[in-house]
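# A look at the structure
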Amino acid sequence: MEPVVIIMLLILLLGLVVVGQLIRERRKKSGQLALALAYERMVMKHKLLIDHVEVFDNRIVALDRKHKKLLFLYHAADTHHQHELVPLQEIKALQLIEEREEVKGFIQKVFLALMSADTTYRLCFYDHTKDVPTILLPAMRRARNWKQRVDVNRNPGTINLEAEYVF
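Residues numbered from 1 in each chain as written. Predicted model: local features only at pLDDT ≥ 70, side-chain atom pairs only at ≥ 80, totals over all residues. Heavy atoms only, no water.

### Focus on the overall build of the chain
Of the regular secondary structure elements, the chain holds two helices and seven strands. In sequence order, the secondary structure elements of the chain are arranged as α-β-β-β-β-β-β-β-α. The C-alpha radius of gyration of the chain comes to 21 Å, more than 25% above the 15 Å expected for a compact globule of 167 residues. Dimensions of the chain, computed from C-alpha atoms along their principal axes, come out at roughly 80 × 45 × 30 Å. Buried residues in the chain amount to 32% of all 167 residues. Taking the contacts inside the chain whose residues are at least 6 apart along the sequence as the reference set, 41% of them involve residues at least 24 apart. In the form shown here, the chain has an accessible surface area of approximately 11100 Å², with 58% of it arising from carbon and sulfur atoms. Separation of charge centres in the chain, based on 25 positive and 20 negative side chains, amounts to 2 Å. (Helix = DSSP H or I, 4+ residues; strand = E, 2+ residues; numbered from the N terminus. Rg over C-alpha atoms; globule rule 2.2 N^0.38 Å. Buried < 20%, exposed > 50% of the residue type's maximum accessible area, 1.4 Å probe, protein only. Contact = heavy atoms within 4.5 Å. Areas by Shrake-Rupley, 256 points an atom, 1.4 Å probe, with all protein chains shown as cover. Lys, Arg positive; Asp, Glu negative; His and termini not counted. Charge placed at Lys NZ, Arg CZ, Asp CG, Glu CD.)

Have a look at this one:
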């Protein structure tokens, strides 16, 4: 082949790679914007006073100490969204759930299960089909921290920030 044709093909290939990267970045930004808008709508709709919020991996977990509510938002893909507003005083039991693959035993999903008298909320902190494997350990740590935080704040009364110490 002629050198001019090879150079043109390389420039075309490079252009396609750059366009693909721009499309991925735009999708990521639009997903983050949708998550932020959903968070803002939930806070305004329920008139929450958020004391603590954590944003990670297309998830938002927020705690309203005054009204004793936990807000959990998860946007995994274009079709899968989880929006939960959990009243903490109705929670009877807390449990960390690790779903494992039967044959090899690796962790597929990590949930924080909040059980009330009539409802069980399963807050997804990790899903191997939608998340990268490198966030498994931080997700497990976050789930443990939020379990501790919910356990402290589900009882009636106010809790000082110093009394709620989570590693």
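### Some details on the sheet that holds strand β7 (residues 120–127)
On the basis of which strands lie adjacent, the open sheet formed by three strands has the order β5-β6-β7 and antiparallel pairing. Two strands close off the open sheet at either side, each with one partner strand: β5 (93–100) and β7. Each neighbouring strand pair of the sheet contributes to a mean axis angle of 20°, computed without reference to strand direction. Where strand β6 (residues 107–115) and β7 come together, seven bridges link them in antiparallel fashion. Across the sheet, residue Phe111 finds its bridge partner in β7, namely Cys124. Running at roughly 10° to β6, helix α2 (residues 136–153) makes contact with β5, β6 and β7 of the sheet. (Pairing = 2+ DSSP bridges. Axes fitted to C-alpha atoms, helices over the stretch in contact; angles between N-to-C directions.)

### Here's the deal with the confidence of the model for the chain
Within the chain, residue pLDDT values average 86, and 91% of them lie at 70 or more. At the low end of the mean pLDDT range in the chain sits helix α1 (residues 3–46), at 85; at the high end sits strand β2 (residues 59–64), at 93. (pLDDT = per-residue confidence, 0-100.)

### Quick word on the packing of aromatic side chains
Counted according to the given criterion, the structure contains two aromatic pairs. Their ring planes at 20° and their centres at 5.9 Å tell us that Phe56 and Phe125 sit as a pair that is stacked. On the criterion of sequence distance, the pair formed by Phe56 in strand β1 (residues 52–56) and Phe125 in strand β7 is long-range, its members being 69 residues apart. Grouping residues by exposure puts Phe56 and Phe125 together as buried. Seen from their ring centres, Phe72 and Phe125 are 5.7 Å apart, and the 40° between their planes marks the pair as tilted. (Phe/Tyr/Trp six-rings, centres within 6.5 Å; stacked < 30°, edge-to-face > 60°.)

### So, the environment of Lys47
Looking at the secondary structure, you find Lys47 in the loop between α1 and β1. When the C-alpha positions of Lys47 and His67 are compared, they lie 9.4 Å apart, and in sequence the two are 20 residues distant.

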